[in-house]
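What the coordinates show
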Amino acid sequence: MQQFLNVTLTGLGQGAVYAAFALALVLIWRSTRIVNFAQGAMAMFTTYLALTVIEGGQSYWAGLAVALVAGLVLGAVVERLVIRPVEGGPELNAVIVTLGLFVALQALAAILFGSTFRSFPAPFDLRGFAVGGINIAFTANSIYTIAAVVVVMLALVALFRFTDLGLKMRAAAFSQEVSRLLGVPVGRMLTLGWALAAVVGSLSGLLIAGGSLVFPAYMDAVIVYGFVAAVLGGLDSPGGAVVGGLTIGLLLSYVSGYLGSELVALAALAILVAVLLVRPQGLFARTAARRV
């Protein structure tokens, strides 16, 4: 019983991190119709900036603020200088560019910050709780992670469903020509979408780094599992991203706890293939046709 409880709670904590990254993918997809494969590398880079601030004597929260602002600026710069020149061409162009950006950012981080493992502090206690004499692997930091993901999900739902800004972002993503005729500043909306997605990605980078070791490739596993979570929930659904992230976290935790950690990657691949075969639009996708 204790093992099952610990495996479940560990899965929820990890799933919240995957959900945070999946939310960043959902945001960039809904606002630009591009899957950003460099999202993890961008998050890693801003996490290193936060670590530099923290190691300089500032608090975790100061580092968090620096990472989020840096993510906002980095996302806008990437859209303007890297993505904008290939917009309007074949969709594969943007995918290749983001893959190249992923490699470039990892190499740049290794040059600037080094490739050694460095400890990143956690904002809250990493010790588990004892309930009824049973030690459970659920910490105050896990609660913070889940709460942060829920707040981001609610903010994204409110943005796209209840604000004119969210409507303009979605319109710019689906039909740029019609949006321009209606007076929507398409270029600004696309830049804003990249900037906000980078902010959410930066948050996910700090959530996974808290209380662990960071190095230039530390986000690689999160990229894979977060992408599977986004596909599972549906790339158009913030709520689906959270449900998908928690589901992936739980399933992979059960596989690791009962079958062996060496099967985790295979299990993630099996889940992705099953979703693409049975419901490729994701569990929470409403319809393939939309009105802008």
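Owing to the predicted nature of the structure, the values given are computational and were not obtained by experimental measurement.

Taking 1.5 Å per residue as the helical rise, helix α10 (residues 238-259) with its 22 residues ought to reach 32 Å, and the 31 Å between its terminal C-alpha atoms agrees with that figure. By the burial criterion, the buried members of α10 are P238, G240, A241, V242, G244, G245, I248, G249, L252, S253 and V255. Positioned one or two residues after α10, G260 has a phi angle of 125°, which is positive.

With that out of the way, let us pick up the confidence of the model for the chain. Of the residues in the chain, 93% reach a pLDDT of 70 or more, and the chain-wide mean stands at 86. Low pLDDT (under 50) marks residues 288-292, which in the prediction has five contacts with non-local residues, meaning those over four places away or in another chain.

Let us now look at the packing of aromatic side chains. Taken as a whole and assessed by the stated rule, the structure comprises twelve aromatic pairs. Relative to F113, the ring of Y48 has its centre 4.8 Å away and its plane inclined at 5°; by these criteria the two rings are stacked. Of this pair, Y48 sits in helix α2 (residues 39-55) while F113 sits in helix α4 (residues 91-113), placing them 65 residues apart in sequence. Taking the relative accessible area as the measure of exposure, Y48 reaches 1% and is therefore buried.

Before going further, it helps to examine the packing of helix α5 (residues 140-162) against helix α8 (residues 186-209). For the pair α5 and α8, interaxial distance at closest approach is 11 Å and the crossing angle is 170°. In terms of axis orientation, α5 runs roughly antiparallel to α8. For the pair α5 and α8, contact is made by Y144, T145, A148, V149, V152 and L159 and by L196, V200, L203 and L207, respectively. Classifying every residue of the contact of α5 with α8 by side-chain character gives nine nonpolar, one polar and no charged.

Nonpolar side chains collect at one region of the surface, where F4, Y258, L259, L263, L266, L269, V273, L277 and V278 lie side by side and expose about 940 Å² of accessible area between them. Every element with two or more residues in the nonpolar patch is listed here: α10 and α11 (264-278). Take the nonpolar patch: its biggest share by element is five residues, from α11. Tracing the sequence through the fold places L259 in helix α10. Since its relative accessible area comes to 59%, L259 is described here as exposed.

Before going further, it helps to examine the nonpolar core. L23, F120 and I248 are the most contacted members of the largest nonpolar core, which totals 84 residues. Considering each element in turn, this core owes the most residues, 13 residues, to helix α1 (residues 2-32). When sequence neighbours within four positions are dropped, the list of residues in contact with F120 reads T47, A50, L51, I54, Y60, L206, A209, G210, G211, S212 and V214.

Summarising the element assignment, Q106 is placed in helix α4. Once you skip the residues sitting within four places of it in the chain, Q106 turns out to touch M44, P216, A217 and D220.

Another point: the pattern of salt bridges. Summed over the entire model, instances satisfying the criterion amount to three salt bridges. Between R33 and D236 there is a salt bridge, with the nearest N and O atoms lying 3.2 Å from each other. One end of the pair, R33, is in the loop between α1 and α2; the other, D236, is in the loop between α9 (220-233) and α10, and 203 residues separate them in sequence. In this structure R33 comes out as partly exposed when scored by relative accessible area, which is 23%. Across the pair R84 and E79 runs a salt bridge, and its minimum N-O distance is 3.0 Å. When its relative accessible area of 26% is taken as the criterion, R84 is described as partly exposed.

Our next topic: the environment of A197. Structurally, the position occupied by A197 is in helix α8. A197 sits in the buried class, given a relative accessible area of 0%. Residues A197 and V273, spaced 76 residues apart in sequence, show a C-alpha to C-alpha distance of 26 Å. Sequence-distant contacts of A197, defined by excluding residues within four places in its chain, comprise A24, L27, I28 and Q39.

The rules behind each value
- Residues numbered from 1 in each chain as written.
- Predicted model: local features only at pLDDT ≥ 70, side-chain atom pairs only at ≥ 80, totals over all residues.
- Heavy atoms only, no water.
- Helix = DSSP H or I, 4+ residues; strand = E, 2+ residues; numbered from the N terminus.
- Expected span 1.5 Å × (residues − 1).
- Buried < 20%, exposed > 50% of the residue type's maximum accessible area, 1.4 Å probe, protein only.
- pLDDT = per-residue confidence, 0-100.
- Contact = heavy atoms within 4.5 Å.
- Phe/Tyr/Trp six-rings, centres within 6.5 Å; stacked < 30°, edge-to-face > 60°.
- Axes fitted to C-alpha atoms, helices over the stretch in contact; angles between N-to-C directions.
- Parallel < 35°, antiparallel > 145°, perpendicular 65-115°, else oblique.
- Nonpolar A, V, L, I, M, F, W, Y, C, P; charged D, E, K, R; others polar.
- Patch = residues over 30% accessible without salt bridge, like charges linked within 9 Å, V, L, I, M, F, W, Y side chains within 5 Å.
- Areas by Shrake-Rupley, 256 points an atom, 1.4 Å probe, with all protein chains shown as cover.
- Salt bridge = Lys/Arg side-chain N within 4 Å of Asp/Glu carboxyl O.
- Core = buried A, V, L, I, M, F, W, Y, C linked by side-chain atoms within 4.5 Å.

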